[in-house]
Every structure is written in structure tokens, then in C-alpha cells.
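Each chain, letter by letter, is given below.
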Amino acid sequence: MTITYATLLSEITTPDGRDIFDPATGELVGKAPFRSVEVLDAAVARAKAAQPSWAARTDEERQSLLVRAADAIDAATEPLAELLSREQGKPLNGPNARFEVGACANWLRATAATDLPGRTLIDDGETHAEIHYRPLGVVGAIGPWNWPMMISIWQIAPSLRMGNTVVVKPSEYTPLSVLALAHVLGTVLPDDVVNVVAGEGDLGARLSSHPDIAKLMFTGSTRTGQAIIKSSAETVKRLTLELGGNDAGIVLADVDPKAIAQDLFWGAFINTGQTCAALKRLYVHADVYEDVCRELVEVAKTTPMGRGLDEDNVLGPLQNKAQFDIVAGLVAEAKSSGATILTGGTPEADAPGYFYPTTLVSDIDNSNPLVTQEQFGPALPIVRFETVDEAVDMANGIDVGLGASVWSADLDTARTVAARIQAGTVWINSHGGVHPMIPFGGVKKSGYGLEFGIEGLAAVSAPQVING
Ligand code: NDP
């Protein structure tokens, strides 16, 4: 049966649910079922009961079901993208809603195509040892509101591939997107293999302390990641923690500012800045500082922001009021410190939605809160440097390290600088691109554990050695 926006919404909403509003307009999107801890416990029990028969399927069967799930997502792209756009705020076009739905399908296919077979470790006549990757059981997944569908798939796809079942607790801001995704997956997958329980207040803590959750995957703030480490201690749960960051970009003196401006811009402003591995602090060599600032302003002024369902827009609102207030507060503080607002910085008074204009801030001190704190929105501080050592020190000077980037015409120089940066990924002449075959994870307080590729499959399995 063809899934339309209306049928999708009717499948996932409930008359007595929590109102979910469009952050661009304030209009009601739908009423999401917000459930209790008892409902979560029941979902974990169902996932636990479903896991042995899911694990007992052949690997080929699981691969084929993941591919069919990708096909089902492709077939439902438009209703899924419309719902995502209405609930999250991101535009349909650009690297936004349609892109995110497409990424879900791509990730499922790539995960289906990635193998982590057991292998012989030693076979020398005296010792025979093999390693095998067994399922863990039930994986818990707590996802954020910035890329709600894609990050859920990052958690679900490898877990399923390795024979686990999953219980997802979506962000209270974007439950409908994840419920919709699970509904589409459910048209193909067996019952209870993927379970989504939306709610707020105590579900996350319950999932992270639940005795029947073998592993928890979390993407969100460092503060909540720290709470999860504590609440998972009793059950010695395995954890993958993707806790965001404050990515630095270092632009060396030999760049062509005009040529890199678009990529720099999108490195920072993808999803209107609400991306864990977005460029959040830009360090530019003094020789090209004015030119890079000018070119970025050009791009900013010609990149349309507005309601996501209008096909022309590629930047949207902040997803929620709390995040709007964080961005507005940090920019106000930067302004009052004497930094220069090159563009943006003044949201339209009394306009509907949480729109904050694309903002570029120059002549800002490296110790300013807009630089040292994660803004997670469309406001980029641009700091001048004189020497590479100074830039590397500033990039490494904070306690998170998810991504970073180096921009230079000379690849060897860029790679040498990249090796000195404390971050899980350092991109060269781009920022933030992820790939289902390339492991991704942070250092310092950006968390631990790798996602994607073979390492991502290993992270949702229990390695078992057979020795003898
Ligand atoms: P949080 O990072 O605080 O995460 C909220 C989620 O965590 C909810 O699902 C909540 O569920 C759950 N949770 C809360 N406490 C616990 C706990 N003790 N154990 C387990 N789960 C728990 O999200 P916010 O929306 O508050 O975002 C805060 C900041 O995080 C943003 O300003 C931004 O800087 C950053 N962020 C980073 C993202 C990234 O991609 N890395 C994505 C989104 C935000 P429950 O309500 O049931 O407790």
C-alpha cells in the first residue's frame, strides 16, 4: 500500500498525545504518543523475546531485510521528508530533509553490504583460536532532534545486522519523525525487532539502567552522556557516546578564499548549524582573513532561509526555543564584547518560528563564549591567527574533539597540521561529511565508541574467542 503523508500521520499519532509544533510556523504537526516507563519496559520485554529468532536468521536474510527496508524508505521519501521538515524545521531541499531520508536508505544498504565475519587468529599446530562476533541482545538507542531519522538509522542498522533487536527513545522534540521511520521499517521487518517508545523525563534514565539492555547508543549533550555513564554502571552496559563537539576549522594562508567559501559555509551551516560535527569555530590566517570573511558573507547573503516546505529554502529555523535562546544569548554576548557582526545577529522581532538569521562574527577573541561553547546554530565566530602553532593551540584548547578541518592548497601541509589536532576526524578542504564505511567518533568529552563501517558493527556485537 502506498504511504501518504496523511496515512503516515494517522499511523503514528494519537488523539491524547503531546502536541508537536512546527518550529517554522508554530502550527500543530500532530499529537505524539508520550509513554510511561511501564510501556518502555514492555517494549524492552518484546524486543528481548524477539531477539533470539532474529539472531537465528541467516546473515543473508538479515542483509536482505535491511535492503528491503531501504527500498521501503525510498518509496516513502516524500511523506517522510514532509513530516521531518514540519517537525524538525529543516527544508526539503539542500542537505536537509530529502537528503536525510535518502541517507537512511543509503546507510541501510551500506550496512547490509558490510561484513564482519569471524576469523582465525592463530592456527600454528599448537594453538587454534578463532574470534566470532555474537549478538549482544537488545540495544537501546537515545537519539537527538537535529537529524532524528538519520541518527536513529545509524543506531538501528548495525544493531540489526549483528542480530540484535532495538528499543529507540527519540528526542521529545522530534518523536514523530522517528515513529514514522519505524512505521516504514515495520512494513518490512518482523514484529518487535525495532521498537520506538516516545516520552519525556524518565524514559532515558530507565533505558540506560535497564537490566535487559545490553548496550546503549546515545547521541546528544556531554552532560546527558555523563549521566548515562553513571546510570549504566550498575548493569555494566556497553556504551557508544556521540556527545557533539565544538569543531575547529583552520584556514591556512595559501587558500583561494572564493574557491573554498561554499564548502566552508556548508561545513558550518549544514542543518542551519544544528549538527554535531559542524564547523563551529573558524580560525583564519591573517593574510586571507578579510577575504575569507568577505566571501563567506557573500554566500550567507545568497543562501535562503525560511519555512522548510517552501522548495526554495535551504536553511531553516532552530528546532526549539531553548536552542534559539542559546544562539541568541551567545551572539548578544559576542556583540557586547565588541566583536564585529558581519551579517545577521538580529532576529526579526515578533516573527513566527525560531528563525535566527545566518550570522558571521569577526574580530572575536578566542576566549569569547561564542567560540568556547557549542552554539549549535547558525552563528559562526571567525578568529584571526598569525602562526600555525597558534591555530593548533586554539583548536586543541577546549575539552571536546569530535571533528576538525584544515583548509590549504597543499595537501601535505594540510595533513601534517591535521595530525596535530585532537579530534576523532580531521577533514581536509571540507568539513563534516560522513560515510557509512568510514568510522566516526570523538575524543575527549565528545565521547567514545565508533559508529559506521566494520568498527561500527564490532561495537554492537560481543566478540567471542573459541580457543582450542
Ligand atoms: P540531551 O543531550 O540532554 O538529550 C536528551 C535526551 O536524553 C532525551 O531523550 C532524554 O530522555 C535523555 N536523557 C536525559 N537524561 C538522561 C539520563 N540520565 N539517562 C539517559 N537518558 C537521558 O538533549 P537536549 O535536547 O537537551 O540538547 C542539549 C544540547 O545538546 C544542545 O543544546 C546541543 O548543544 C547538544 N546536542 C547535541 C547533539 C549531537 O548531535 N551531538 C544533538 C542534539 C543536541 P528523557 O526525557 O526520557 O530523560
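Everything numeric in this text was worked out from a predicted model, so none of it was measured.

Participant: Would you mind going over helix H3 (residues 59–75) in detail, with residue names and values included?
Facilitator: Given a rise of 1.5 Å per residue, 17 residues ought to cover 24 Å, and the 25 Å separating the end C-alpha atoms of H3 matches this to within 8%. If you check which residues of H3 are buried, you get Arg62, Gln63, Leu65, Leu66, Ala69, Ala70, Ala72 and Ile73. Packing partners of the buried residues in H3 comprise helix H2 (37–56), helix H4 (77–88), helix H5 (97–113), helix H6 (148–161) and helix H7 (175–186).

Participant: Residues and numbers for the sheet that holds strand S6 (residues 165–169), please.
Facilitator: Strand order across the open sheet formed by five strands is S7-S6-S5-S8-S9, with parallel pairing between neighbours. The open sheet has two edge strands, strand S7 (194–196) and strand S9 (238–242), and neither has a second partner. Between one strand and the next, the sheet's axes are offset by a mean angle of 15°, whatever the strand orientation. Two strands pair when backbone bridges link them, and S6 and S7 are joined in this way by three bridges, in the parallel orientation. Across the sheet, Val168 pairs through a bridge with Val196, a residue of S7. Packing against the sheet, helix H9 (residues 222–231) makes contact with strand S5 (138–142), strand S8 (215–219) and S9, and its axis sits at approximately 175° to S9.

Participant: Which residues make up the site of the ligand, and what values do they have?
Facilitator: Taken together, the neighbourhood of the ligand is formed by 29 residues, with Trp145, Gly201, Ser221, Thr224 and Gln323 sitting nearest. Within the contact set of the ligand, an oxygen atom lies 2.9 Å away from a side-chain nitrogen or oxygen of Lys169. Between the ligand and Glu374, the relevant distance is 3.0 Å, taken from an oxygen atom to a side-chain nitrogen or oxygen of the residue. Protein contacts shield 84% of the accessible area of the ligand, which totals 910 Å² for the unbound molecule. Put simply, the parts of the chain that give the shell around the ligand at least two residues each are helix H8 (203–209), S8, H9 and helix H12 (321–336). Examining the composition of the shell around the ligand, we find that four residues originate from one element, H8, more than from any other. Partitioned by chemical class, the residues of the shell around the ligand number 13 nonpolar, 10 polar and six charged. When residues of the shell around the ligand are assigned to domains, at least three map to each of domain 1 (5–243 + 446–467) and domain 2 (247–428).

Participant: Please give an account of the pattern of salt bridges that cites residues and values.
Facilitator: Summed over the entire model, instances satisfying the criterion amount to 25 salt bridges. Linking Glu61 and Arg57 is a salt bridge whose minimum nitrogen-to-oxygen distance equals 3.9 Å. Taking the relative accessible area as the measure of exposure, Glu61 reaches 37% and is therefore partly exposed. Assessed through its relative accessible area of 29%, Arg57 is described here as partly exposed. For Glu311, the salt bridge is made with Arg98, and the minimal N-O distance between the two is 3.0 Å. In this pair, Glu311 is assigned in the loop between helix H11 (289–301) and H12 and Arg98 in helix H5, connecting sequence segments 213 residues apart. Judged by its relative accessible area of 44%, Glu311 is partly exposed. Assessed through its relative accessible area of 24%, Arg98 is described here as partly exposed. A cluster of three or more residues bridged by salt bridges with shared partners is formed by Asp59, Arg62, Asp115 and Arg161.

Participant: Run through the domain arrangement of the protein chain, naming residues and quoting values.
Facilitator: Assigned domains of the protein chain: these are domain 1 (5–243 + 446–467) and domain 2 (247–428). Inter-centroid distance (C-alpha atoms) of domain 1 to domain 2 is 30 Å. Listed by partner, the interface residues are 27 residues for domain 1 and 28 residues for domain 2. Both faces considered, domain 1 and domain 2 share a buried interface measuring about 2300 Å² in area, 57% of it formed by carbon and sulfur atoms.

Participant: Go over the packing of H3 against H7 with me, naming the residues and quoting the values.
Facilitator: Two elements in contact, H3 and H7, have axes separated by 8 Å at closest approach and are oriented at 125°. Regarding the angle of H3 to H7, the classification is oblique. H3 and H7 meet at a crossing whose hand is right-handed. On the side of H3, the interface is formed by Ala69, Ala72 and Ile73, while H7 contributes Leu181, Val184 and Leu185. A per-class count over the contact of H3 with H7 returns six nonpolar, no polar and no charged.

Cut-offs used in this document
- Residues numbered from 1 in each chain as written.
- Predicted model: local features only at pLDDT ≥ 70, side-chain atom pairs only at ≥ 80, totals over all residues.
- Heavy atoms only, no water.
- Helix = DSSP H or I, 4+ residues; strand = E, 2+ residues; numbered from the N terminus.
- Expected span 1.5 Å × (residues − 1).
- Buried < 20%, exposed > 50% of the residue type's maximum accessible area, 1.4 Å probe, protein only.
- Contact = heavy atoms within 4.5 Å.
- Pairing = 2+ DSSP bridges.
- Axes fitted to C-alpha atoms, helices over the stretch in contact; angles between N-to-C directions.
- Near = heavy atom within 4 Å.
- Polar contact = N/O pair within 3.5 Å; in protein donor to acceptor, adjacent residues only side chain to side chain.
- Areas by Shrake-Rupley, 256 points an atom, 1.4 Å probe, with all protein chains shown as cover.
- Nonpolar A, V, L, I, M, F, W, Y, C, P; charged D, E, K, R; others polar.
- Domains from an automatic or database assignment.
- Salt bridge = Lys/Arg side-chain N within 4 Å of Asp/Glu carboxyl O.
- Buried area = accessible area lost by both parts, 1.4 Å probe.
- Parallel < 35°, antiparallel > 145°, perpendicular 65-115°, else oblique.
- Left-handed = near helix turned anticlockwise from the far one by under 90°.

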